[in-house]
Amino acid sequence: MLEKMEILDVDEVIEEFEEITKNAERIQRETLKKILEENGFAKHLQNFGLNGRTDPDSFKACVALVTHKDLKSYIQRIMDGDNSLVLTGKPITTMSLSSGTTQGKPKYVPFNDE
């Protein structure tokens, strides 16, 4: 049996969305700061010369944009059993195989419990 569908008030939805996104820049900065603090000592990031710095400006100045190919050796280390903090500040707990939509080849994608 079909359940009764709720009718949404469009103006109310827009108002809620605007309220949530009003401070998007501040929230994004806080989120980035938290991510950097939790992952700043991962081996991958140490190679960029952050020397323990976890502020967004240092990250932006030191860390280059990378591709999956750039991380392949780190991912392989994890797949080979390296349990150290290679890519993140928490151990990788799961490796998932992508669908292979980029360059037609599936890739391993690491996840942690967060």
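Just so you know, the residues in each chain are numbered from 1, in the order the chain's sequence is written. Predicted model: local features are reported for residues with pLDDT of at least 70 only, side-chain atom pairs are reported and counted for 80 or more only, and whole-chain, interface and lining totals are derived from all residues. Derived side-chain values reflect all non-hydrogen atoms in the structure, with water molecules and hydrogen atoms excluded from consideration.

Participant: Sorry if this is basic, but what is going on with the pattern of salt bridges here?
Facilitator: When their charged atoms lie close together, side chains carrying opposite charge are able to pair. By salt bridge we mean one thing: a side-chain nitrogen of Lys or Arg within 4 Å of a carboxyl oxygen of Asp or Glu. Tallied over the entire structure, the rule returns six salt bridges. As a salt-bridge pair, Asp 82 and Arg 77 come within 2.9 Å of each other at their nearest N and O atoms. Exposure classes here rest on a 1.4 Å probe applied to the protein chains alone. A residue is buried below 20% of its type maximum, exposed above 50%, and partly exposed in between. On the accessibility criterion, Arg 77 (32% relative accessible area) is partly exposed.

Participant: Could you clarify how one ought to interpret helix H1 (residues 10–21) in this entry?
Facilitator: Note: α-helices contain 3.6 residues per turn, so residues at a spacing of three or four share the same orientation. Only runs of H or I of at least four residues qualify as helices and only runs of E of at least two qualify as strands under DSSP, and these elements are numbered from the N terminus. A helix is expected to reach a length of 1.5 Å times the quantity of its residues less one. Spanning twelve residues, H1 covers 16 Å between terminal C-alpha atoms, matching the ideal 16 Å at 1.5 Å per step. Little of H1 sits out of view: just zero of its twelve residues are buried. For the purposes of these results, a polar contact is taken to be a pair of N or O atoms within 3.5 Å, where, inside protein, one atom must be able to donate a hydrogen and its partner to accept one; residues adjacent in sequence count only when each atom of the pair is a side-chain atom. Of the residues that open H1, the one with a side-chain oxygen 3.1 Å from the backbone nitrogen of Asp 11 is Asp 9.

Participant: It is not clear to me how the side chain of Asn 39 should be interpreted in this structure. Could you clarify?
Facilitator: Inspection of the secondary structure puts Asn 39 in helix H2 (residues 24–39). Overall, the relative accessible area of 15% leaves Asn 39 in the buried class. Only 2.6 Å separates the side chain of Asn 39 from the backbone nitrogen of Gly 89, close enough to count as a polar contact. By definition in these notes, contact holds between two residues if any of their heavy atoms fall within 4.5 Å. Setting aside anything within four residues of it in sequence, one finds Asn 39 in contact with Leu 45, Thr 88, Gly 89 and Lys 90.

Participant: I'm lost on the side chain of Lys 107 in this one. Help?
Facilitator: As for its placement among the helices and strands, Lys 107 is situated in the loop between strand S1 (92–97) and strand S2 (108–112). In this structure Lys 107 is buried but unpaired, with Asp 70 as the nearest side chain of opposite charge at 12 Å. One polar contact links the side chain of Lys 107 to the main-chain carbonyl oxygen of Lys 105, over a distance of 3.3 Å. Residue contacts for Lys 107: discarding those within four places in its chain leaves His 68, Ser 96, Leu 97, Ser 98 and Thr 102. Charge counting follows a simple rule: Lys and Arg are positive, Asp and Glu are negative, and His as well as the terminal groups are ignored.

Participant: Can you walk me through the nonpolar core in this structure?
Facilitator: Nonpolar side chains in soluble globular proteins tend to be buried together. Among buried residues, the Ala, Val, Leu, Ile, Met, Phe, Trp, Tyr and Cys ones that are joined through side-chain atoms within 4.5 Å form a nonpolar core. Listed in full, the six residues of the largest apolar core are Leu 71, Tyr 74, Ile 75, Ile 78, Val 86 and Leu 87. Ignoring any residue separated from it by four or fewer positions in sequence, one finds Tyr 74 in contact with His 44, Asn 47, Val 86 and Leu 87.

Participant: When you look at a negative patch on the surface in this model, what are you seeing that I'm missing?
Facilitator: There is a patch of like negative charges on the surface, built from Glu 6, Asp 9, Asp 11, Glu 12, Glu 15, Glu 16 and Glu 18. For Glu 12, a relative accessible area of 53% gives the class exposed. Nonpolar side chains (Val, Leu, Ile, Met, Phe, Trp, Tyr) are joined into patches within 5 Å and like charges within 9 Å, using only residues with over 30% relative accessible area and no salt bridge. A 1.4 Å probe and the Shrake-Rupley method give the accessible areas. Residues count as covered only by the protein chains that appear here. A charge is said to be at NZ when it belongs to Lys, at CZ for Arg, at CG for Asp and at CD for Glu.

Participant: Help me out: how do you make sense of the layout of surface pockets in this one?
Facilitator: Rolled over the atoms, a probe sized like a water molecule indicates the empty space that remains. Points on a 1 Å grid, built from protein atoms alone, make a cavity when a 1.4 Å probe fits but cannot get out and make a pocket when they are open with protein on both sides within 12 Å along at least 5 of 7 lines; residues with an atom within 4 Å of a point are the lining residues. Grid points are joined across faces, edges and corners, and a volume is the space filled by probe spheres set on the points. In this structure, the largest pocket occupies an estimated 460 Å³ of space. Going through the elements one at a time, H2, helix H3 (43–46), helix H4 (56–62), helix H5 (68–79) and S2 are the ones with two or more residues in the lining of the largest pocket. No other element matches H2, which puts four residues into the lining of the largest pocket. Following the grouping adopted for this structure description, the nonpolar residues are Ala, Val, Leu, Ile, Met, Phe, Trp, Tyr, Cys and Pro, the charged ones are Asp, Glu, Lys and Arg, and the polar ones are all others, Gly among them. Here the residues of the lining of the largest pocket are counted per class, giving 15 nonpolar, four polar and two charged. Approximately 340 Å³ is the volume found for the second largest pocket. Per element, the largest residue contribution to the lining of the second largest pocket is six residues, and it comes from H5. The class makeup of the residues in the lining of the second largest pocket is four nonpolar, five polar and four charged.

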